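# Summary of the model geometry
Given next are the chains, with one letter for each unit.
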Amino acid sequence: MEDISRLSTVQMDVLREIGNIGAGNAATSMSKLINKKIDMAVPSVNVVAFDEVMEMIGGPETPIVGIMIHISGEAPGKVYFILSIEEAESLVKSITNEHDFALLNEKEPNDLVFSALKETGNILTGSYISALSDFTHLQMQPSVPYLSVDMAGAVLTVGLIEVSQVTDYAIIIDTKINDSESANGIHGNFFFLPDPEAFPKIFKALGIENDG
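Below you will find a few notes about this structure.

### Looking at the overall build of the protein
If you tally the helices and strands in the protein, you get six helices and eight strands. When the elements of the protein are put in sequence order from the N terminus, they spell out α-β-β-α-β-β-α-α-β-β-α-β-β-α. Here the protein holds 212 residues, and 50% of them are scored as buried. A separation threshold of at least 6 residues defines the contact pool for the protein, and within that pool the share at least 24 residues apart is 74%. Accessible surface computed for the protein: about 10000 Å², of which carbon and sulfur atoms make up 48%.

Here it is in structure tokens:
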């Protein structure tokens, strides 16, 4: 089984390139969705232990927006797109021009707000998974997105527990979204949690052996 804590430099470079291609495709789709020029970048790709995942997003009691998508096919797994509350609200305002809402204070789910966030998750996941599928020639299909607004521990625990039975690490693709009206951009984390059988298939398909 692939030990993803010991990925080689070449493997990490491949994952970063896949992330950059996915980000480029996602930016094109996002630009069409909101009729604004969107730039997306992948500042870094990291392999992170599960206990570090919570720390990266501020701890288990930090409120976040989490969009989770199941991946089925030849390299199954789960992906999460994680945003802080503030950045999720900024993203929704950019997409919808809706300003009269607060994600933590909504008594009833705001369909427009939630739809915008889910569509963003769909676009990002579809773009990254499509890039990975094109590189590996493995069939991978994303499910409909599941959206949660809750504390990080509540959002992530189920997915991490399932994966932690077979590995202690996740791949984190940093994602930065900039539009023409945003000064600092929106920064989110794209967590890729492959099932145990997926990694050997992915790297075998890429023709890359582990250095370790």
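There's plenty left to go through after this.
### Details of helix 3 (residues 85-96)
End to end, helix 3 covers 16 Å across twelve residues, agreeing with the expected 16 Å (1.5 Å per residue, within 8%). Just downstream of helix 3, asparagine 97 is the residue with a positive phi angle, here 60°.

### Notes on the pattern of salt bridges
All told, the structure shown has two salt bridges when counted by the stated rule. A salt bridge links aspartate 13 to arginine 16; the nearest nitrogen and oxygen atoms lie 3.0 Å apart. One end of the pair is aspartate 13 and the other is arginine 16, both in helix 1 (residues 9-34) and three residues apart, which spans about a single turn. Exposure remark for arginine 16: the relative accessible area of 26% places this residue in the partly exposed category.

### Description of the environment of alanine 116
Its place among the elements puts alanine 116 in helix 4 (residues 111-136). We classify alanine 116 as buried; its relative accessible area is 8%. Measuring from C-alpha to C-alpha, the distance between alanine 116 and lysine 93 comes to 9.4 Å, with 23 residues separating the pair along the chain. Setting aside residues no more than four positions away along its own chain, alanine 116 makes contact with Ile95 and Thr96.

### Focus on the pairing of strand 7 (residues 169-179)
Strand 7 sits mainly inside the fold: eight of its eleven residues count as buried. Sheet analysis places strand 1 (residues 38-41) next to strand 7, joined by four bridges and oriented antiparallel. Residue alanine 41 lies in a different strand from strand 7, and its bridge partner there is lysine 176. As judged from the five bridges shared by strand 2 (residues 45-49) and strand 7, these two strands associate in the antiparallel manner.

### Details of the nonpolar core
Counting 51 residues, the largest nonpolar core has Met40, Leu103, Leu117, Tyr128 and Ile202 as its most contacted members. With residues near it in sequence (within four places) discarded, tyrosine 128 still touches Ile18, Gly19, Gly22, Ala23, Met40, Val42, Ile173, Thr175 and Phe190. By size, the runner-up hydrophobic cluster in this structure holds 16 residues, among which are Met68, Ile82, Ala152 and Val155.

### Brief notes about the environment of phenylalanine 81
Relative to the elements of secondary structure, phenylalanine 81 occurs in strand 4 (residues 77-84). Counting along the chain gives 66 residues from phenylalanine 81 to leucine 147, while the straight-line C-alpha distance between them is 9.6 Å. Excluding anything up to four places from it in sequence, phenylalanine 81 contacts Val65, Gly66, Ile67, Thr120, Leu124, Thr175, Ile177, Gly188, Asn189 and Phe190.

### Brief notes about the packing of helix 4 against helix 6 (residues 198-206)
One way to put it is that helix 4 packs onto helix 6 with a least axis distance of 8 Å and a crossing angle of 55°. As judged from the angle between their axes, helix 4 and helix 6 are oblique. In this structure, helix 4 contributes Leu132, Phe135 and Thr136 to the contact, and helix 6 contributes Ile202, Ala205 and Leu206. The class makeup of the residues in the contact of helix 4 with helix 6 is five nonpolar, one polar and no charged.

How each quantity is defined
- The residue numbers shown here count from 1 along each chain, following its written sequence.
- The model is predicted, so local features are restricted to residues of pLDDT at least 70 and side-chain atom pairs to those at 80 or more, both for listing and for counting; the totals for chains, interfaces and linings are taken over all residues.
- Side-chain measures here rest on the full set of heavy atoms in the structure, leaving out hydrogens and waters.
- A run of H or I in DSSP counts as a helix once it spans at least four residues, and a run of E counts as a strand once it spans at least two, with each numbered from the N terminus.
- Exposed residues in this analysis have more than 50% of their type's maximum accessible area, buried residues have under 20%, and partly exposed residues fall in between, with area computed by a 1.4 Å probe over protein chains only.
- Contact between two residues is taken to exist if any of their heavy atoms lie within 4.5 Å; hydrogens are not considered.
- Values of accessible area rely on a 1.4 Å probe in the Shrake-Rupley scheme; residue burial ignores everything except the protein chains shown.
- For a helix, the expected span equals 1.5 Å multiplied by the number of residues minus one.
- Just to be clear on terms, a salt bridge is a Lys or Arg side-chain nitrogen sitting within 4 Å of an Asp or Glu carboxyl oxygen.
- DSSP-based pairing: two strands are paired if at least 2 bridges between them are found.
- In these notes, a set of buried Ala, Val, Leu, Ile, Met, Phe, Trp, Tyr and Cys residues joined through side-chain atoms within 4.5 Å is what counts as a nonpolar core.
- Fitting a line to C-alpha atoms yields each axis, with helices limited to the stretch in contact; the angle taken between N-to-C directions then spans 0 to 180 degrees.
- What sets the label is the angle itself: under 35 degrees gives roughly parallel, over 145 gives roughly antiparallel, 65 to 115 gives roughly perpendicular, and the rest give oblique.
- Residue polarity is assigned by list, with Asp, Glu, Lys and Arg as charged and Ala, Val, Leu, Ile, Met, Phe, Trp, Tyr, Cys and Pro as nonpolar; anything else, Gly included, falls into the polar class.

What is shown is where atoms sit, not what they do.
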